[in-house]
2 protein chains.
Amino acid sequence: MKKHNFSAGPCILPQEVLKKAAAAVLNFNNDDLSLIEISHRSKAFVHVMETARSLVLELLDLEGKGYSVLFLQGGASLEFLMTPYNLLKVNGKAAYLDTGTWSAKSIKEAKMMGTVDVVASSKDKNYSYIPKDFEIPGDTDYFHCTSNNTIFGTQIKEFPKTDSLLVCDMSSDIFSRQLDFSQFDLIYAGAQKNMGPAGTTLVVVKDEILGKTGRTIPSMLDYQVHIGKDSMFNTPSVFAVYVSMLTLQWLKDLGGIAEIEKINEAKAELLYNEIDSNPLFEGVAATEDRSYMNATFTLTDDTLKDKFDAAWQAAGINGLNGHRSVGGYRASMYNAMPLESVQVLVDVMQNFNK
Amino acid sequence: MKKHNFSAGPCILPQEVLKKAAAAVLNFNNDDLSLIEISHRSKAFVHVMETARSLVLELLDLEGKGYSVLFLQGGASLEFLMTPYNLLKVNGKAAYLDTGTWSAKSIKEAKMMGTVDVVASSKDKNYSYIPKDFEIPGDTDYFHCTSNNTIFGTQIKEFPKTDSLLVCDMSSDIFSRQLDFSQFDLIYAGAQKNMGPAGTTLVVVKDEILGKTGRTIPSMLDYQVHIGKDSMFNTPSVFAVYVSMLTLQWLKDLGGIAEIEKINEAKAELLYNEIDSNPLFEGVAATEDRSYMNATFTLTDDTLKDKFDAAWQAAGINGLNGHRSVGGYRASMYNAMPLESVQVLVDVMQNFNK
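Cut-offs used in this document
Residues numbered from 1 in each chain as written. Chains lettered and ligands numbered in written order. Predicted model: local features only at pLDDT ≥ 70, side-chain atom pairs only at ≥ 80, totals over all residues. Helix = DSSP H or I, 4+ residues; strand = E, 2+ residues; numbered from the N terminus. Rg over C-alpha atoms; globule rule 2.2 N^0.38 Å. Buried ≥ 20, exposed ≤ 12 C-beta atoms within 10 Å, placed from the backbone. Contact = placed C-beta atoms within 7 Å. Pairing = 2+ DSSP bridges. Axes fitted to C-alpha atoms, helices over the stretch in contact; angles between N-to-C directions. Parallel < 35°, antiparallel > 145°, perpendicular 65-115°, else oblique. Left-handed = near helix turned anticlockwise from the far one by under 90°. Nonpolar A, V, L, I, M, F, W, Y, C, P; charged D, E, K, R; others polar. Core = buried A, V, L, I, M, F, W, Y, C linked by C-beta atoms within 7 Å. Domains from an automatic or database assignment. Least-squares fit on C-alpha atoms with pLDDT ≥ 70 in both. Expected span 1.5 Å × (residues − 1). Arc of directions from axis to C-beta. pLDDT = per-residue confidence, 0-100.

**Thoughts on the overall build of chain A**
And step 1. A tally of helices and strands in chain A yields nine helices and 14 strands.
And step 2. Expected size for 354 residues packed as a compact globule is a radius of gyration near 20 Å; at 21 Å, chain A falls within 12% of this value.
And step 3. Taken along the three principal axes of its C-alpha coordinates, chain A extends 65 × 55 × 30 Å.
And step 4. Here chain A, with 354 residues, has 53% of them falling under the buried criterion.
And step 5. Restricting the contact set of chain A to residue pairs at least 6 apart, pairs at least 24 apart contribute 68%.

**Some words on the pairing of strand 14 (residues 329-332) of chain B**
All names here are of chain B.
And step 1. The side-chain alternation of strand 14 yields two buried faces, one formed by Y329 and A331 and the other by R330 and S332.
And step 2. Judged from the four bridges that link them, strand 12 (residues 294-299) and strand 14 form a sheet pairing that is antiparallel. Residue pairing for strand 14: A295 is matched across the bridge by A331.

**With respect to the packing of helix 2 (residues 43-59) of chain B against helix 6 (residues 238-254) of chain B**
Residues and elements named next belong to chain B.
And step 1. Contact geometry for helix 2 and helix 6: axes closest at 9 Å, N-to-C directions at 45 degrees. One element, helix 2, and the other, helix 6, form an angle in the oblique class. Our pair here, helix 2 against helix 6, has a crossing hand that is left-handed. For the pair helix 2 and helix 6, the contacting residues are F45, V48, M49, T51, A52, L55, V56, E58 and L59 in the first and V238, V241, Y242, S244, M245, L248, Q249, L251 and K252 in the second.
And step 2. Here the residues of the contact of helix 2 with helix 6 sort into 13 nonpolar, three polar and two charged.

**Some remarks on the sheet that holds strand 3 (residues 93-98) of chain B**
All names here are of chain B.
And step 1. If you walk across this open sheet you meet the seven strands as 2-10-9-8-5-3-4, and the pairing is mixed. The open sheet is flanked by strand 2 (67-72) and strand 4 (115-121), the only strands paired with a single partner. Neighbour-to-neighbour, the strand axes of the sheet open up by a mean angle of 15 degrees, direction not taken into account.
And step 2. Bridge count for strand 8 (residues 165-169) against strand 9 (residues 186-190) is three bridges, and the pairing is parallel. Residue C168 lies in a different strand from strand 9, and its bridge partner there is I187.
And step 3. Helix 2 rests against strand 2 and strand 10 (201-206) of the sheet, and its axis sits at about 130 degrees to strand 2.

**Comments concerning the nonpolar core**
Grouped burial of nonpolar side chains is what soluble globular proteins tend to show.
And step 1. By size, the foremost hydrophobic cluster in this structure holds 220 residues, and its most contacted members are Y242(A), I187(B) and Y242(B).
And step 2. In contact with Y242(B), other than residues within four places in its own chain, are A24(B), L35(B) and V48(B).

**Details of the sheet that holds strand 14 (residues 329-332) of chain A**
All names here are of chain A.
And step 1. The three strands lie next to each other as 11-12-14, forming an open sheet whose pairing is antiparallel. Each having just a single partner strand, strand 11 (281-283) and strand 14 make up the two edges of the open sheet. Across the sheet, the mean angle separating the axes of adjacent strands is 35 degrees when strand polarity is ignored.
And step 2. Pairing geometry for strand 11 and strand 12 (residues 294-299), over three bridges, is antiparallel. Each residue of the ladder has a partner; that of F281, found in strand 12, is L299.

**Some words on the domain arrangement of chain A**
All names here are of chain A.
And step 1. Looking at chain A, the domain boundaries give domain 1 (15-254) and domain 2 (256-353).
And step 2. Measuring from the centre of the C-alpha atoms in domain 1 to the corresponding centre in domain 2 gives 27 Å.
And step 3. Between domain 1 and domain 2, the contact holds 24 residues from the first and 24 residues from the second.
And step 4. Residue assignment for the side of domain 1 that touches domain 2 shows that the elements contributing at least two residues are strand 6 (148-149), strand 7 (154-155) and helix 6 (238-254).

**Some remarks on the relation of the copies chain A and chain B**
Put simply, the two copies of the chain differ by a rotation about an axis and a shift along that axis.
And step 1. Of the transformation superimposing chain A on chain B, the axial component is 0.0 Å and the angular component is 180 degrees, with the fit at an RMSD of 0.0 Å. Taken together, the rotation angle and the small translation identify this as a two-fold axis. Within chain A, the C-alpha atom positioned nearest to the axis of rotation is that of A22(A), 2.2 Å from it.
And step 2. Here 98% of the contact residues of chain A are again contact residues in chain B; the copies associate through an equivalent surface.

**Overview of the interface of chain A and chain B**
Bring the parts together and some accessible area is lost; that lost area is often taken as the interface size.
And step 1. Listed as interface residues are 49 residues of chain A and, on the opposing side, 49 residues of chain B.
And step 2. Within the residue set of the side of chain A that touches chain B, elements represented by two or more residues are helix 1 (15-26), helix 3 (75-87) and helix 6 of chain A.
And step 3. When residues in the side of chain A that touches chain B are grouped by element, the largest group, five residues, is from helix 1 of chain A.
And step 4. Residue composition of the side of chain A that touches chain B, grouped by class: 25 nonpolar, 19 polar and five charged.

**Observations regarding helix 9 (residues 339-353) of chain A**
Residues and elements named next belong to chain A.
And step 1. Compared with the 21 Å implied by 1.5 Å per residue over 15 residues, the 21 Å span of helix 9 between its first and last C-alpha is a close match.
And step 2. Those residues of helix 9 that sit buried are S341, V342, L345, V348 and M349. One face of helix 9 carries all of its buried residues, which in axial projection span an arc of 115 degrees. With respect to the buried face of helix 9, the exposed residues turned more than 90 degrees away are E340, D347 and N351.
And step 3. Against strand 1 (4-5), helix 7 (256-277), strand 11, helix 8 (305-314), strand 13 (317-318) and strand 14 lie the buried residues of helix 9.

**Quick notes on unusual backbone geometry**
All names here are of chain A.
And step 1. Following G9, the chain continues to P10 via a peptide bond in cis, the omega torsion being -10 degrees.
And step 2. Backbone geometry at N29 places phi at a positive 60 degrees, although glycine is not the residue there.
And step 3. Here N29 shows up in the loop between helix 1 and helix 2 (43-59).
And step 4. The exposure class assigned to N29 is partly exposed, which follows from the 15 C-beta atoms found within 10 Å.
And step 5. A positive phi is found at D230, a non-glycine position, where the angle reads about 50 degrees.
And step 6. Looking at the element boundaries, D230 is found in the loop between helix 5 (223-228) and helix 6.

**Here's the deal with helix 3 (residues 75-87) of chain B**
And step 1. Between its first and last C-alpha atoms helix 3 of chain B spans 18 Å; for 13 residues at 1.5 Å apiece the expected length is 18 Å, and the two agree.
And step 2. Counting buried positions over the 13 residues of helix 3 of chain B gives 13, a clear majority of the element.

**Topic: the environment of L62(A)**
All names here are of chain A.
And step 1. Checked against the element boundaries, L62 lands in the loop between helix 2 and strand 2 (67-72).
And step 2. Between the alpha carbons of L62 and V204 there is a distance of 9.4 Å; along the sequence they are 142 residues apart.
And step 3. Other than its neighbours up to four places away in sequence, L62 contacts L57, Y67, F181, S182 and V204.

**Description of the confidence of the model for chain A**
Caution applies to low-pLDDT parts of the model: their predicted coordinates are not meant to be read in detail.
And step 1. Residues at a pLDDT of 70 or more form 100% of chain A, whose mean pLDDT is 97.
And step 2. Of the two predicted TM-score estimates for the complex, the pTM is 0.98 and the ipTM is 0.98.

**A look at the environment of T247(A)**
Residues and elements named next belong to chain A.
And step 1. Positionally, T247 belongs in helix 6.
And step 2. In sequence terms T247 and D347 are 100 residues apart; their C-alpha atoms lie 29 Å from each other.
And step 3. When near neighbours in sequence (up to four residues on either side) are disregarded, T247 contacts L13, P14, V17, M195 and G196.

Right, here's the structure in full:
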């Protein structure tokens, strides 16, 4: 029996993608070689890389708008460093919004490179909301935010208008909802939520913003170096890029972001309605800032924990425990999670109340 | 028909490893979840990471000798930067041996961080030999070399004795031959030759050498940060680490490095004997510096190229073309390549001469 996988990441991927990925590990392209034992310079893999890059631009509606797509390594954590290296001018200043653990980590790395202005933070209430009344100083090189906070279950619904560059870590909600992606100058995302397995990082960057800091940038940290080599400056994470391509193709075939957004809304509404109507549970995040990817909630009576844990585990549910810094439960409902799995969880919650 | 895969990397992996990897993508540990959709913090994956790290120490005979093992991302190319970040003191100096394309790239990155003394180079003869008469100045923080040069087919047989730290990029020959690995203070290697698929980088570092540069090191580039988090500071490249673990286990079961060294010697001798005895071919690299991983050779009569290419392709051989900077042919015979495949190539060469 396949489990209902609510894991926060690495997380559920489409079944058909997993099947194709497994087949490619044995015999890729019917060429009698495994995907993972061919040259990354082979025609077959270059085609994979180019297809993945094109699909990203197509799905985000950024074709012909001056953006480059890269599949790098090191996760969002390395992007925390690459962002200031590429965008923070010598003696310049960056503005950051602090909405959780990952924002805080990005701020820490940027501070090693120069001046950082934390324009607002929701740390005062354990990151349970998204700060809204803040100003971005006019003299900042860029403004950085985290679109979705997996640990706390919050999500930015509207992004600020600003004259400085807009940078967003979309690791945990990219490809999940319709946005005007052209409002961003730099988007990055670890693959392991809505895009593929851990091991590659998506970077979408507006070409014209690069090369203006006055810094010497090490090759591996320089977006222009990677762009100049079509995302193959060095050997990419072949398997992770291939599976990302499959997942992006799956999303396109499904109808793209417009279609998956409807499904994601239906899943989130189903679960949040249950959290709000069932007296045994309560939500953690501020209602207007609730994430459609990660729903955080707690039991109103903690003594029921063992019984509830046994109930959802018996139903084949996996990965529902909350992060240690929040406690309670976290249901991650990424793109590949079917509505049926959320229904199973809701049924467990309803039966538990009866 | 499975091909005879002489690809320079990503390259051949053991068939049984590929089968286990494909199975894990569908159902890992019989837990009804894919390897690539479970949390990297799950017990099952933490066990994979710890097993892989232990196997490295065991195979290199470095257990209990003060070394830490990391599985990072970014390939050797990111290590070119991490090495000086972690070992080059402020106002210090590093010594580098230039034996090919990858050495030159490592030198370029180190020069961005401080003073680099290139103690010797074989660039004068297109890197066809390993320089031997050079001195490492006493005041260098570390000496860096590349043990095997895939493009040119050379390999360092004896490493210099030095009082400074000894750093080696072993991307293309680690786990292939017996060495006193404790002579090295830092070893790194991209996985995609003898260890696994592209997407993870092995780092073996002596703990006591770290934290002495006086530099501020960004978190993702700081070996001590990764060591402190048991190689899980951020989400690792799960699939690549798992397949590396399988390959290391395969090597251990085979008898370890002592056993694979015999097989590698047999393969290399078989091919080099043919290159030296067949009048249609000649070797590229200096005889005493020939790599046991990558044999480079050319046709003595270039007009035979099309016919020879047709002959080896008809025999099911893949990836024999030389790198563009050398031309001719390159037969990569990494650990997973069976002697039988080398025999097929030698048969093609012998028949071609008849």
